[in-house]
Amino acid sequence: MDEPSDRGIDLAVLESIDDRLRWLAVRMIDHANRRGDTEVKVGGHQASSASMTSIMSALWFGHITGDDKVAVKPHAAPLFHAIKYLTGELDRAYLTTLRQRGGLQAYPSRTKDPDVFDFSTGSVGLGAVAPLFSAATRRYIDDHFEATPPARFIAIAGDAELDEGNIWEAISDPALQGLGNVMLIIDLNRQSLDRIIPGIQAQRVMEFFRNAGWHVVEAKYGTRLLEAFARPGGAALKRHIDEMSNEEYQSLFAYVGSELRERFLANAERDVGDFLASIDDDDLAPVIQNLGGHDLSVLIDAYRSCDEVHDRPSVVFAYTIKGFGLPLVGDPMNHSALLTPAQIDDLREATGLTEATEWDRFEADTPAGRLCAEVGAEVNNVPPPPRPRLAFPLRTGARHKPTTSTQEAFGRIVVELGKDPSLARRMVTVSPDVSVSTNLGGWINTQGVYAPTKQHNYFDQDRLLEWDPKPTGRHIELGISEMNLFLLLGQLGLAHEHHGEMLLPIGTVYDPFVLRGLDALIYSLYNGARFVIAGTPAGITLAPEGGAHQSTITPSVGLELPGITQAEPAFAIAVDWLLTDGLDGLTDRESLYLRLSTRPISQEPFAHALERLGEQSLRAAVLAGGYRLREPGPGTRLILAASGAVMPEVLEAAEILEDEGVACTVIDVTSLDRLYRDWSHRLADATRSASLPESSGHIETLIVDGERSAPIVTVHDGATHAMAWLGSVFGQRVVPIGVDRFGESGTIGELYELFGLLPEQIATAGLMAIDR
Ligand SMILES: Cc1ncc(C[n+]2csc(CCOP(=O)(O)OP(=O)(O)O)c2C)c(N)n1
Ligand SMILES: [Mg+2]
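Residues numbered from 1 in each chain as written. Chains lettered and ligands numbered in written order. Predicted model: local features only at pLDDT ≥ 70, side-chain atom pairs only at ≥ 80, totals over all residues. Heavy atoms only, no water.

Here's the deal with the coordination of the magnesium ion (ligand 2)
Spelled out, the test is: Sites may look incomplete, because water is not among the atoms used; the donor set itself consists of N, O and S atoms within 2.8 Å of the metal (3.2 Å for Na, K and Ca). Relative accessibility under 20% of the residue-type maximum defines a buried residue, over 50% an exposed one, and the middle range a partly exposed one, all with a 1.4 Å probe and only protein chains included.
Asp159 (OD), Asn189 (OD1) and Gln191 (O) make up the full set of protein donors to the magnesium ion (ligand 2), lying at 2.0 to 2.1 Å. Here the donor residues of the magnesium ion (ligand 2) share one chain and are spaced in sequence as D-x29-N-x1-Q. Here asparagine 189 falls in the buried class, since its relative accessible area comes to 3%.

Next up, the structure:
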């Protein structure tokens, strides 16, 4: 193996880099755990890193080039940092900061690590397919903008990640087929966190990939094993290894020489022993334990074979052993195990290093040093320029019916935005089989459905919905997988950073099923992606649809998640302002989550507010989180604060109360999130500087002087908890009304009654709040 391979790659050089990477990753974790400056275990994964060192060295130093994007298995983060260090992107000082504040993150982070990962990973399964969604985004970009340079999209995942259903949802979606530039590499060490995976049935999993249209490659045996199999009688060795259980094969890694021979042959047929007689004791372990996933030339061949397949994604099953090259190799309990200081000393020595040189890079004028510099110059990340600012109107020209729903308004506004070609070219909608029922029909008819190749349309052209998929289309239809929705939105929402063109992605989803894709939503936000989602319809207001479709806790999800603003407007023009501003905010602010409803309500109260406050000031208030929809008459003060579809009941309750001599202010809370943040951030800042906050933020304009001791009734088609904090700002009593149980089928009236949302019930709650 010492001479340069015929591919122009010097395997000896690659192997020395491979050894150094394994050492650096293991030592970084060791160092983090021996600093002794934390009260909890620091952790880190030496065995998981060692399992895929060769996979990563072969990839970085023997395969990838400039524009390729790679997602790294969560537990291999230290290896990535070691690569970035050796190739010059990461400063040496960081090597001793793993899992430290301001240092290297425990798991790959696009946004927090100093050496930028293409994808964050951590929640297993999501990173394994994120590059697939990125490749789909690249294909979309190439079809709608000038073609980008060729790039490959690669994920390296642990084998236990394949337990996560989101992987199977992704690979089977028709929208994600045909992506020949995708390669998923599975670190098949047959071990997860707790155990050796019982009968992993690798073949069965491979069959799943084949059935989903993937090209499957196995890197099972290393060069030495393959050579042995090819010798006369070698077939017996192959048969014996193939028939052995995972557990038994793995247990052999603790042994060498005659003891290994004895254990290996314990249940073997005679011909296996006969064949092995030709191999010396010293040579036995390097042959029997020679897995493809630790053989650099086998791996590079496997990667290259994937490049030759252009019409579908590839998956490489690289057979490995957890802890390869370390004393804890193959131990079923090695997931969190750490080498002892003495074992570290041995490994340092075996790597040819001393305490003085242990963190060094290769000398620049050595073959390894030159290869590191070459790879660094080609693949290291250049920070992207800032996102462009686009010209958005303050409000679109969309016209709305006198009585309309926020969902209907949303559909019209999206169509209207699409009339400006400079916006339309960047807008892309996505829906998991609910585009029609979330009012994207108009957009689809004007902009078309996307498919990478034009599809034949067998149906008449004059139907209500034109479904004629073609490369110029701007709607991507997914199967019913909310995981796929949020993973795709996440990658579309990183198009600027990954592909050099900013997109304005808008996803629609039935509001309750935001929760079905929640981890993917969190994942995409954590990656720093920016997009808009319309959760619609929401709440018990979609009455007859029943409890399984009625969302209750989604407002809190939107409010509490970082990186996204939750908004729940009641009126059409407010939807327009929020959506237009939200898309503008994708340039330099954050994502937007609109919670919408199919309930048509009269737009008249809003028209009055518009007249009273003026467009400029009302728009600013709506964007800041709320406005005073109704001013009170004289009398005992009461505040009704509400969001969304319940507004007609709230306004009617105010009239009832006014008749009883209660002066009712009605606040339309358009974004609980903005209102809460404005207040709570000021509080946190004040606490930090130990001085009273000068203002409570926008809420001061909603609850004005003279009202700040009045009780508040909060009204929401959602769980009551989300709004209940409103009283804390000025110390007011709160009676929260909303939906704290699962819903059921019925009319809006029946269900509103069930949850105390009818005008009379709201009024009664108001009187109670005053009396108490
Ligand atoms: C969604 C999710 N569930 C659980 C975990 C905790 N966890 C981290 S790694 C792991 C096992 C990983 O096994 P594998 O993917 O085979 O990687 P290996 O350690 O073998 O390299 C588990 C259960 C997680 N990170 N994410
Ligand atoms: Mg594993």
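Alright, that's what it looks like, and here's the rest.
What about the side chain of aspartate 18?
Operational definition: The helix and strand labels rest on DSSP assignments: H or I over at least four residues marks a helix, E over at least two residues marks a strand, and numbering proceeds from the N terminus. For this analysis, a polar contact is any N or O atom pair within 3.5 Å, provided that within protein one partner can donate a hydrogen and the other can accept it, and provided that sequence-adjacent residues contribute only side-chain to side-chain pairs. Whether two residues touch is decided by their heavy atoms; if any such pair falls within 4.5 Å, the residues are in contact.
Inspection of the secondary structure assignment puts aspartate 18 in helix H1 (residues 11-34). A distance of 3.4 Å separates a polar atom in the side chain of aspartate 18 from the backbone nitrogen of serine 54. Within the structure, the side chain of aspartate 18 is placed 2.5 Å from the side chain of serine 57, a separation counted as a polar contact. When neighbours within four sequence positions are excluded, aspartate 18 is seen to be in contact with Thr53, Ser54, Ser57 and Leu296.

Describing empty space enclosed by the protein
Put simply, the rule reads: Throughout, the protein atoms alone are placed on a 1 Å grid, and a set of points is a cavity if a 1.4 Å probe fits but cannot get out or a pocket if it is open with protein on both sides within 12 Å along at least five of seven lines; lining residues have an atom within 4 Å of a point. Grid points are joined across faces, edges and corners, and a volume is the space filled by probe spheres set on the points. Gly counts as polar in this scheme, as do all residues outside two lists: the nonpolar Ala, Val, Leu, Ile, Met, Phe, Trp, Tyr, Cys and Pro, and the charged Asp, Glu, Lys and Arg.
Going through the model one piece at a time under the given rule, you end up with 4 cavities of 30 Å³ or more. Quantified by volume, the largest cavity comes out at close to 100 Å³. In this structure, the largest cavity is lined by 16 residues; those nearest its centre are Thr406, Leu596, Ser597, Gly644 and Ala645. Among the residues making up the lining of the largest cavity, the classes are represented as 6 nonpolar, 6 polar and 4 charged. In this model, the second largest cavity occupies a volume close to 60 Å³. Forming the boundary of the second largest cavity are His63, Arg152, Ile154, Gly180, Asn181, Val182, Met183, Tyr303, Cys306 and Asp307. Of all the secondary structure elements, the ones that give two or more residues to the lining of the second largest cavity are strand E3 (182-188) and helix H14 (296-307). If one sorts the elements of the lining of the second largest cavity by residue count, H14 sits on top with 3 residues.

Considerations on the packing of aromatic side chains
Short version of the rule: Centres within 6.5 Å are what make two rings of Phe, Tyr or Trp a pair, Trp counting through its six-membered ring; a difference in plane orientation under 30 degrees is then read as stacked, over 60 as edge-to-face, and the rest as tilted.
If you walk through the whole model with that rule in mind, you get 16 aromatic pairs. When the ring of phenylalanine 606 is compared with that of tyrosine 627, the centres are 5.8 Å apart and the planes differ by 90°; the resulting orientation is edge-to-face. On the criterion of sequence distance, the pair formed by phenylalanine 606 in helix H25 (residues 604-613) and tyrosine 627 in strand E14 (residues 626-630) is long-range, its members being 21 residues apart. An identical accessibility class is assigned to phenylalanine 606 and tyrosine 627; each is buried. In this structure an aromatic cluster arises from ring pairing among Trp168, Phe208, Phe209, Trp214 and Phe317.

Quick word on the site of ligand 1
We count it as follows: Nearness is judged by heavy atoms alone; a residue qualifies as near a molecule or strand once a single heavy atom is within 4 Å of it. Note that accessible areas follow from Shrake-Rupley with a 1.4 Å probe, and for residues the cover is restricted to the protein chains shown.
The environment of ligand 1 is made up of 18 residues, and the closest members are Ser48, Lys73, His75, Asp159 and Lys322. Asparagine 189 places a polar side-chain atom, nitrogen or oxygen, 2.9 Å from an oxygen atom of ligand 1. With the chains in place, 74% of the 590 Å² that ligand 1 exposes on its own is no longer accessible. Its residues assigned to classes, the shell around ligand 1 comprises 3 nonpolar, 9 polar and 6 charged.

Concerning helix H17 (residues 406-417)
Convention followed: In a helix, the anticipated span is given by 1.5 Å times the number of residues less one.
When the terminal C-alpha atoms of H17 are compared, their 16 Å separation across 12 residues agrees well with the 16 Å that a helix rising 1.5 Å per residue should span. In terms of residue burial, H17 counts as a mostly covered element, since 10 of its 12 residues are buried. Along H17, the residues that are buried comprise Thr406, Gln407, Glu408, Ala409, Phe410, Gly411, Ile413, Val414, Val415 and Leu417.

A closer look at the confidence of the model for the chain
Filter applied, for reference: You can read pLDDT as the predictor saying how much it trusts each residue, on a scale of 0 to 100.
Averaged over all residues, the pLDDT of the chain equals 95, while 98% of them reach at least 70. Here residues 1-7 is modelled with pLDDT under 50, and outside its nearest four sequence neighbours on either side it reaches 14 contacts, counting other chains as well.

A word on the layout of surface pockets
For the largest pocket, the calculated volume is near 660 Å³. Around the largest pocket sit 36 residues that line it, and Asn381, Val382, Pro384, Glu497 and His498 are the ones nearest its centre. At the level of secondary structure, the elements contributing two or more residues to the lining of the largest pocket comprise strand E1 (69-71), helix H4 (77-86), helix H16 (367-379) and helix H21 (495-499). Here the lining of the largest pocket takes 4 residues from H21, the largest share from any one element. In the lining of the largest pocket, the residues fall into 14 nonpolar, 11 polar and 11 charged. In this structure, the second largest pocket spans a volume of roughly 460 Å³. The leading source of residues in the lining of the second largest pocket is H1, at 4 residues.

Here we look at the packing of H1 against H16
Our working definition: Axis definition: a line fitted to C-alpha atoms, over the contacting stretch in the case of helices. Angles run 0 to 180 degrees between N-to-C directions. The labels follow the angle: roughly parallel below 35 degrees, roughly antiparallel above 145, roughly perpendicular from 65 to 115, and oblique for the rest.
The geometry of H1 relative to H16 is characterised by a closest axis approach of 9 Å and an angle of 80° between their N-to-C directions. As far as their axial angle goes, H16 and H1 are roughly perpendicular. Across the interface between the two elements, Val13, Leu14, Ser16 and Ile17 from H1 touch Pro367, Ala368, Leu371 and Cys372 from H16. Along the lines of polarity and charge, the residues of the contact of H1 with H16 split into 7 nonpolar, 1 polar and no charged.

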